[in-house]
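Residue-level listing of the chains:
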Amino acid sequence: MDRCPNCRARLDDAPTCRRCGIDLARLRQIEHAADAVLVRGLSRLADGDADAAAHHLRHALSLRRSPLATSLLALSKACR
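What you see is a predicted model; the values in this text were computed from it and never measured.

## Some details on the overall build of the chain
When you go through the chain residue by residue, the secondary structure sums to three helices and zero strands. Taken against the 2.2 N^0.38 rule, which gives 12 Å for 80 residues, the C-alpha radius of gyration of the chain at 15 Å runs more than 25% over that of a compact globule. Projected onto the principal axes, the alpha-carbon positions of the chain cover approximately 45 × 15 × 15 Å. Looking at the chain alone, contacts between residues at least 24 apart form 26% of all its contacts between residues at least 6 apart. Here the chain has roughly 5300 Å² of accessible surface; of this, 52% comes from carbon and sulfur atoms.

Written out as structure tokens, the structure is:
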């Protein structure tokens, strides 16, 4: 997350936004969870398990939309 979802200020590693003070801890936890699930999906895709990969990639996309997860999901569908 580069910008505050509330006021669009540039963010650093602080637990709150420097401009509006919104607590970013939970959002950062979700962002890290999405990254972890994306890695699991990529791993399953590399193992040749397209169905499991698609499951993990859909989960990652439900946590955070990303072009990489979207592309990998399309690839997993093509591999079935």
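Here the narrative resumes.
## Observations concerning the environment of leucine 72
Turning to its location among the elements, leucine 72 is positioned in helix α3 (residues 67-78). Here leucine 72 falls in the buried class, since its relative accessible area comes to 10%. Expressed as a C-alpha distance, the spacing of leucine 72 and leucine 38, which sit 34 residues apart in the sequence, is 9.1 Å. If near-sequence neighbours (up to four positions away) are discounted, leucine 72 is found in contact with Leu38, Leu42, Leu45 and Leu57.

## With respect to empty space enclosed by the protein
Using a probe with the size of a water molecule, rolled over the atoms, empty space left in the structure can be pinpointed. By the definition in use, this model includes one cavity of 30 Å³ or more. In this structure, the largest cavity encloses a volume near 30 Å³. Of the residues that constitute the lining of the largest cavity, the class distribution is four nonpolar, one polar and four charged.

## What to know about the pattern of salt bridges
Enumeration according to the criterion identifies two salt bridges in this entry. Where aspartate 35 meets arginine 64, a salt bridge forms, and the shortest distance between an N and an O atom there is 2.2 Å. Of the two residues, aspartate 35 is situated in helix α1 (residues 25-46) and arginine 64 in the loop between α2 (50-63) and α3; the sequence distance between them amounts to 29 residues. Residue aspartate 35 is classed as partly exposed on the basis of its relative accessible area, which comes to 30%. Salt bridges sharing partners connect three or more residues here, namely Glu31, Asp35 and Arg64.

Thresholds, definitions, all that
- Residues numbered from 1 in each chain as written.
- Predicted model: local features only at pLDDT ≥ 70, side-chain atom pairs only at ≥ 80, totals over all residues.
- Heavy atoms only, no water.
- Helix = DSSP H or I, 4+ residues; strand = E, 2+ residues; numbered from the N terminus.
- Rg over C-alpha atoms; globule rule 2.2 N^0.38 Å.
- Contact = heavy atoms within 4.5 Å.
- Areas by Shrake-Rupley, 256 points an atom, 1.4 Å probe, with all protein chains shown as cover.
- Buried < 20%, exposed > 50% of the residue type's maximum accessible area, 1.4 Å probe, protein only.
- 1 Å grid on protein atoms, 1.4 Å probe; cavity = no way out; pocket = protein on both sides within 12 Å on 5 of 7 lines; lining within 4 Å.
- Points joined across faces, edges and corners; volume = space filled by probe spheres on them.
- Nonpolar A, V, L, I, M, F, W, Y, C, P; charged D, E, K, R; others polar.
- Salt bridge = Lys/Arg side-chain N within 4 Å of Asp/Glu carboxyl O.

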